[in-house]
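Single-letter residue listing:
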Amino acid sequence: MAKVLRCKDAGFDCAEEIRGQTEEEVLQKAAEHAKKVHNLEVTPGMAAQVRALIKDE
Ligand SMILES: [Zn+2]
């Protein structure tokens, strides 16, 4: 089962859906996406909040 994170669930006006096989993979991709697209550095505290938004697909 894939894991999916919708960027808009994290509070962004953004249609990006980040998928991965594990939460770690999704978090890593989300951090890259946040940095590249939203110019945002993900802190450990934010990563914990984002992890809670990851859904099974
Ligand atoms: Zn985004």
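Residues numbered from 1 in each chain as written. Predicted model: local features only at pLDDT ≥ 70, side-chain atom pairs only at ≥ 80, totals over all residues. Heavy atoms only, no water.

Colleague: Can you help me understand unusual backbone geometry in this one?
Modeller: With the exception of glycine, most residues fall at negative phi, and the peptide bonds are largely trans. Residue asparagine 39 is not a glycine yet carries a positive backbone phi of 55 degrees. As for its placement among the helices and strands, asparagine 39 is situated in the loop between helix H1 (23–38) and helix H2 (44–51). Look at asparagine 39 and you get exposed, because its relative accessible area is 71%. (Helix = DSSP H or I, 4+ residues; strand = E, 2+ residues; numbered from the N terminus. Buried < 20%, exposed > 50% of the residue type's maximum accessible area, 1.4 Å probe, protein only.)

Colleague: When you look at the environment of glutamate 32 in this model, what are you seeing that I'm missing?
Modeller: Tracing the sequence through the fold places glutamate 32 in helix H1. By relative accessible area, glutamate 32 is classed as partly exposed at 49%. Placed 10 residues apart in sequence, glutamate 32 and valine 42 show a C-alpha to C-alpha distance of 8.9 Å.

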